[in-house]
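Reading the structure
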Amino acid sequence: MLAVHFGAGNIGRGFIGALLSKAGYQTVFVDVNGELIDQINERSKYTVELAGSEDSFEVTNISGINSVTNQEDVAAMIAKADLITTAVGPHILPMVAPVIAEGLKERTESVNVIACENMIGGSDLLKEHVLEHLGAEKSRVAQLTGFPNAAVDRIVPDQTHEDKLKVTVEPYFEWVVDSTDIKGEKPEIAGLTLVEDLTPYIERKLFTVNTGHAAAAYLGDYYGHQTIHQAMSDSRILSKIKGALHESGDVLIKKYGFTKEAHGKYIETILSRFANPDLSDEVTRVGRAPIRKLGPKDRLVRPAVEYIDWNKEIPTHLVEVIAAVLVYKQDQDPEAVELQSLIKEQGYKGALQEISQLSEDHPLLNAVEKQM
Ligand SMILES: NC(=O)c1ccc[n+]([C@@H]2O[C@H](COP(=O)([O-])OP(=O)(O)OC[C@H]3O[C@@H](n4cnc5c(N)ncnc54)[C@H](O)[C@@H]3O)[C@@H](O)[C@H]2O)c1
Ligand SMILES: O=P(O)(O)OC[C@@H](O)[C@@H](O)[C@H](O)[C@H](O)CO
């Protein structure tokens, strides 16, 4: 069995690639980072280490293709793969779409393409971009190819090791895939859960793990901390993170009927994962791409808007986190720089309105403006 995985980064190597290899796939990593790909091809294996334990394992049966120099080879692999996955970041999906389309054109058998990105409808979005490149072959390829959406959860911080392929990950993981959009045989991968309705899973994950993580990152940065662990150890911040998670949790409980007890336990598990002393996760990684994170369907604005819709009240903690995003300054992060220049031109409210696509008189915009 052959899997083609786009993105040999933290999640690619530390999570998806590792599960694919354990499930018996020969995994071809596709990446624009030539150094990483050369190392994968030289060694054909790498080590995944579980943070906080002595446990580690080898990921084997792998090779790599540099997609900057070898687009044709990538398309040829896509044409014969049994499974295609991505973990490149939502903004990169349009860039990998043309080569995926090129390979899919050559196929006569069904295949599934799973975008493992932190967003709602990641595979749907990738499908839209892939189909744009198909011309007359569009409907045939759409018939043959499944694009099931997915939720992926495992904290894999940015890290440097002497061994460039080695990756340290938290022990916890969850990979949930929508079974209703799968074409052909369902992939059998230990650790991958197939569900018929992904929405409660992806929303619970994005609006708890990622909402809480964003709160820790932006408030952490505001209070002068470098890592999520430091932010979690600051009682001023911890109480605000909990407040934000109770606000997003209120909406999740109302929408999906989770019991308060079960959701409370889920929140506690997530908080303990953030506080893991064996993971050093920089606030700059977790806070990366703040414009994406202020998007209408993303981890902060969406639960805040839904909280207002359900309760006719302002979610004060989420508002505080959104305000912290607006004052987040980070020269190395292109979206943080762009956000600040948008704020310079349009003010806090104008910039937030443009990014979040809320109406001018939306109560969330006024609440955030008051907070600034
Ligand atoms: N790290 C985590 O804790 C985590 C957890 C769950 C989900 N995710 C999601 O997984 C995705 C990847 O995140 P990450 O943390 O692994 O990022 P990362 O930066 O470590 O890895 C991304 C990889 O994609 C590669 N890439 C960039 N452009 C490419 C292209 N055009 N073609 C092929 N490869 C390309 C990069 O070189 C890099 O190796 C994101 O959507 C993220 O939200 C991350
Ligand atoms: O990857 P992002 O930028 O969407 O979000 C940053 C982190 O919150 C994220 O990578 C988490 O570590 C991950 O979602 C945990 O499963």
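The protein chain carries the name Mannitol-1-phosphate 5-dehydrogenase in an unreviewed UniProt entry, which gives Halobacillus amylolyticus as its organism. As its UniProt record puts it under Catalytic activity (unreviewed entry), the protein chain is described as follows: "D-mannitol 1-phosphate + NAD(+) = beta-D-fructose 6-phosphate + NADH + H(+)". Of the protein chain, the UniProt comment under Sequence similarities (unreviewed entry) reads exactly: "Belongs to the mannitol dehydrogenase family."

Notes on the UniProt feature "binding site: NAD(+)" (unreviewed entry) in the protein chain
In this structure's numbering, the residues bearing the UniProt feature "binding site: NAD(+)" (unreviewed entry) are Ala3, Val4, His5, Phe6, Gly7, Ala8, Gly9, Asn10, Ile11, Gly12, Arg13 and Gly14. Positionally, glycine 9 belongs in the loop between strand S1 (2–6) and helix H1 (10–22). In this structure glycine 9 touches Gly14 and Asp31, once residues within four positions along its chain are discounted. Position of isoleucine 11 relative to the elements: it lies in helix H1. Excluding residues within four positions of it along the chain, isoleucine 11 makes contact with Ile16, Gly17, Ala87, Arg154 and Val156.

Focus on the pairing of strand S3 (residues 45–50)
As judged from the 5 bridges shared by S3 and strand S4 (residues 56–60), these two strands associate in the antiparallel manner. Considered in S4, the bridge of lysine 45 is made with threonine 60. Counting the residues between successive antiparallel strands, the hairpin from S3 to S4 contains 5 residues, one of them, glycine 52, with a positive phi of roughly 80°. Relative to strand S10 (residues 167–169), S3 runs parallel, the two sharing 3 bridges. Bridging from a neighbouring strand, valine 48 pairs with valine 167 of S10.

Description of the sheet that holds S3
Strand order in this open sheet of 3 strands is S4-S3-S10, and the pairing throughout is mixed. Among the strands making up the open sheet, the edge pair consists of S4 and S10. Adjacent strand axes in the sheet meet at a mean angle of 30° when their direction is disregarded. Contacts between H1 and the sheet are confined to S3, S4 and S10, with S3 contributing the most and set at about 105° to the helix.

As for the site of ligand 2
Inspection of the region around ligand 2 gives 14 residues, with Asp153, Lys205, Arg285, Arg288 and Lys293 positioned closest. Between ligand 2 and lysine 205 there is a distance of 2.7 Å, counted from an oxygen atom to a side-chain nitrogen or oxygen. Contact with the protein chains hides 94% of the accessible area of ligand 2, taken as 400 Å² for the molecule alone. At the level of elements, strand S9 (150–153), helix H7 (199–222), helix H11 (283–286) and helix H12 (290–293) are the ones that each hand at least two residues to the shell around ligand 2. For the shell around ligand 2, the leading source of residues is H7, giving 3 residues.

What about the domain arrangement of the protein chain?
Assigned domains of the protein chain: these are domain 1 (2–197) and domain 2 (200–371). The distance between the C-alpha centroids of domain 1 and domain 2 comes to 28 Å. Contacts between domain 1 and domain 2 engage 23 residues on the former and 25 residues on the latter. Carbon and sulfur atoms supply 62% of the area that domain 1 and domain 2 bury against each other, a total of about 2,000 Å² over both sides. Between aspartate 153 and arginine 273 there is a salt bridge whose closest N-O contact spans 2.7 Å. Where domain 1 meets domain 2, there are 4 residue pairs in polar contact (both at pLDDT 80 or more). Elements supplying a minimum of two residues to the side of domain 1 that touches domain 2: S9 and strand S11 (174–178).

Re the pattern of salt bridges
Oppositely charged side chains may form a pair once their charged atoms are brought near each other. Going through the model one piece at a time under the given rule, you end up with 18 salt bridges. Measuring nitrogen to oxygen at the nearest pair gives 3.1 Å for the salt bridge that ties arginine 140 to glutamate 137. Taken together, the shared-partner salt bridges connect Glu203, Lys255, Arg302 and Glu306 into one network.

Observations concerning the site of ligand 1
Near ligand 1, the surroundings consist of 24 residues, among which Asn10, Ile11, Asp31, Glu117 and Val156 are the closest. At 3.1 Å from an oxygen atom of ligand 1 is found a side-chain nitrogen or oxygen belonging to asparagine 118. Between ligand 1 and valine 156, the relevant distance is 2.9 Å, taken from an oxygen atom to a main-chain nitrogen or oxygen of the residue. The fraction of the free accessible surface of ligand 1 (820 Å²) that becomes covered by protein chains is 84%. For the shell around ligand 1, the secondary-structure elements that each account for two or more residues are H1 and strand S2 (26–31). Across the shell around ligand 1, the residue classes break down as 13 nonpolar, 6 polar and 5 charged.

About the criteria used
- Residues numbered from 1 in each chain as written.
- Chains lettered and ligands numbered in written order.
- Predicted model: local features only at pLDDT ≥ 70, side-chain atom pairs only at ≥ 80, totals over all residues.
- Heavy atoms only, no water.
- UniProt positions renumbered as here; feature names shortened; annotations may be inferred.
- Helix = DSSP H or I, 4+ residues; strand = E, 2+ residues; numbered from the N terminus.
- Contact = heavy atoms within 4.5 Å.
- Pairing = 2+ DSSP bridges.
- Axes fitted to C-alpha atoms, helices over the stretch in contact; angles between N-to-C directions.
- Near = heavy atom within 4 Å.
- Polar contact = N/O pair within 3.5 Å; in protein donor to acceptor, adjacent residues only side chain to side chain.
- Areas by Shrake-Rupley, 256 points an atom, 1.4 Å probe, with all protein chains shown as cover.
- Domains from an automatic or database assignment.
- Buried area = accessible area lost by both parts, 1.4 Å probe.
- Salt bridge = Lys/Arg side-chain N within 4 Å of Asp/Glu carboxyl O.
- Nonpolar A, V, L, I, M, F, W, Y, C, P; charged D, E, K, R; others polar.

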